[in-house]
Every structure is written in structure tokens, then in C-alpha cells.
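Observations on the model geometry
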Amino acid sequence: MTATPAWPPQSAPRLYVETPLGEGVAVPVEGNAAHYLIGVMRVKPDDVVLLFDGRSGEWAARARDIRKRDLVLVCETRTRPLEQVPDFWLCCAPIKKGRIDLIAEKACELGAAKLQPVLTRRAVVDRLNLDRLRAHLVEAAEQCGRTALPELGEMVKLDALLRDWPDDRWLFFADETGGAPLEQALRAHPGPAAFLIGPEGGFDPSERDAIRAAPRSIAVSLGPRILRAETAAIAATSAWMALNGDWQ
């Protein structure tokens, strides 16, 4: 007896698109995405490509009208609904290009709902290429199977972040000078949350005092060792997902 092939094929390439998806919707693809599908993945007519738009879940689409530099993908079947993302933000100071890219990639893979860059006094970087950073989020979402793209906030100064902080969200502050044991603090404060990670040089004393004075702020310890900023961001996100997020 011939086995029924899996639908959609697990080997199908996966692509994020801006076009709102739905049954019968034709999605034109050009530029780098078309080069990836045509030149790298060797997509042929009637091949399946998985699409997601960050709003309506994941769709299986058929390749049509393939030319040298563009093609059309026609949605046939919704394969997965829009995921329910844990209500977790990662707030981090900008760091060197390769390392902030790593933070974006891993925050997406781990399930963060939002990545919020925060400018601090000791940050060695004061500008970010948000288009490049968003491209890393998109690529990570394509590879890890997310159907909801993380939100990427515009970079804000620390004082503005604290001033406008929502009163229904905990702000866990990775304080290198010490704080509550991480597991204890996370278990005691479930619900919408964010982690605030400083730059390579850490927060200066006045910043630390301001963060500790914020009404929803909770200073926590990430252990006895000195962590790189990107390591702290990944570790903190993982810990929250394990105790309060979708790893439970």
C-alpha cells in the first residue's frame, strides 16, 4: 500500500511575506526572496512553499509563473493558526553589530513577543540599523517555525522607557550588583513581563538607582559569573520561558 505523503511536505521552504494571506490569495515574490526560492531552493512550478504573514497563521502555497527573478505563490490551505505568543518583552541596550544580531535571532527563536532596544549611558553603540535587525528576526522566524513575527521597537532612552512603563507589566532587571534569586522572583511574579539587560559596561549607578525605584521593577541575579550582554539576554529569556512562558 502506498503511503499518503505528508501535507505540506516537511522539506518545503518557508517564507515571511507582508501580503495578507488567505485561500486563493496570489503573492508576488521578487528580490532576495525570489532569488532564495528560485536560485537556492530550486523551486519548480506546483512546488509547495509555506508562507506566514504574522497575522493569519501559516499557509501552504503553490509556485506559479516562475521566471528568472520573480514568481507567484498561490495560497491553498492554512496549515497552522496564528500562534499564541507569551507576553514577554526583551529590553536590551544596543551592543556591537554581530552580537545584537544574535540577541534578535535568539529572542525570536525563544518566543519573545517584542524586542525593545534601550539606550543607556555606557552603551558603546548609539545607533541601530533597525531594518537589518528586523531582517534577522524574519530569518529566525522562518527557520524556527514561528507564525507571529516579534515586534521590534524603536530605540528609546532608558529614562523614557521607565517613565512610560505600563503599570500591568513586571520589569525584571538583571542587576550585576545583585538581586533576588532568579527562580524565586519569576515564580512570585507571573503575568506580562520584560527583562532589562544592560550594555557591555553595565548600568551606571544613577541608572541602577532609577531602575530599582521604578514601581514594577524587580532586581534579579543571573548568578555568580560575569556574563556578556548577549549571554545574559538569552539566559534571562530562557529562564522566563521555562518558568512563566510556553516551556512549561
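Predicted, not measured: the structure shown is a model, and the values here were computed from it.

A few words now on the overall build of the chain. Looking only at helices and strands, one finds 7 helices and 13 strands in the chain. Counting only C-alpha atoms, the chain reaches 65 × 40 × 30 Å along its principal axes. In the chain, which comprises 248 residues, the share counted as buried stands at 47%. For the chain, contacts bridging at least 24 residues in sequence account for 74% of all contacts bridging at least 6. Accessible surface for the chain amounts to roughly 12,900 Å². Of this, 51% is attributable to carbon and sulfur atoms. Within the chain, the 34 negative side-chain charges are centred at a point lying 4 Å from the centre of the 31 positive side-chain charges.

The periodicity of an α-helix, 3.6 residues per turn, causes residues three or four places apart in sequence to face the same way. For helix α7 (residues 229-243), which comprises 15 residues, the first-to-last C-alpha distance of 21 Å matches the rise-based estimate of 21 Å (1.5 Å per residue) to within 8%. In terms of residue burial, α7 counts as a mostly covered element, since 11 of its 15 residues are buried. Listed in full, the buried residues belonging to α7 are A229, E230, A232, A233, A236, T237, S238, A239, W240, M241 and L243. Where α7 is buried, its residues meet β6 (88-92), α2 (97-110), β10 (170-174), α5 (182-188) and β12 (193-197).

Take the sheet that holds strand β2 (residues 26-30) next. Within the open sheet, the 5 strands sit side by side as β1-β3-β4-β5-β2. Their pairing is mixed. Looking at which strands have only one partner, the edges of the open sheet turn out to be β1 (14-16) and β2. In this sheet, neighbouring strand axes are inclined to one another by 40 degrees on average, regardless of whether the strands run parallel or antiparallel. One ladder, built from 7 bridges, connects strand β4 (residues 58-64) with strand β5 (residues 70-80); its direction is antiparallel. Paired with A60 across the bridge in β5 is T77. Across the sheet, helix α1 (residues 31-40) touches β1, β2, β3 (48-52) and β5, and the angle it forms with β2 is around 90 degrees.

Time to look at the environment of P166. Its place among the elements puts P166 in the loop between α4 (158-163) and β10. When the C-alpha positions of P166 and Q116 are compared, they lie 14 Å apart, and in sequence the two are 50 residues distant. With residues up to four places along the chain from it excluded, the contact list for P166 reads W89 and R216.

Once that is clear, we can look at unusual backbone geometry. Residues other than glycine seldom take positive phi values, yet D46 does so here, at roughly 75 degrees. Within the secondary structure layout, D46 lies in the loop between α1 and β3. Here D46 falls in the partly exposed class, since its relative accessible area comes to 44%. One non-glycine residue with positive phi stands out, namely D65, at about 50 degrees. Turning to its location among the elements, D65 is positioned in the loop between β4 and β5. For D65, a relative accessible area of 59% gives the class exposed.

Rules of the game
Residues numbered from 1 in each chain as written. Predicted model: local features only at pLDDT ≥ 70, side-chain atom pairs only at ≥ 80, totals over all residues. Heavy atoms only, no water. Helix = DSSP H or I, 4+ residues; strand = E, 2+ residues; numbered from the N terminus. Buried < 20%, exposed > 50% of the residue type's maximum accessible area, 1.4 Å probe, protein only. Contact = heavy atoms within 4.5 Å. Areas by Shrake-Rupley, 256 points an atom, 1.4 Å probe, with all protein chains shown as cover. Lys, Arg positive; Asp, Glu negative; His and termini not counted. Charge placed at Lys NZ, Arg CZ, Asp CG, Glu CD. Expected span 1.5 Å × (residues − 1). Pairing = 2+ DSSP bridges. Axes fitted to C-alpha atoms, helices over the stretch in contact; angles between N-to-C directions.

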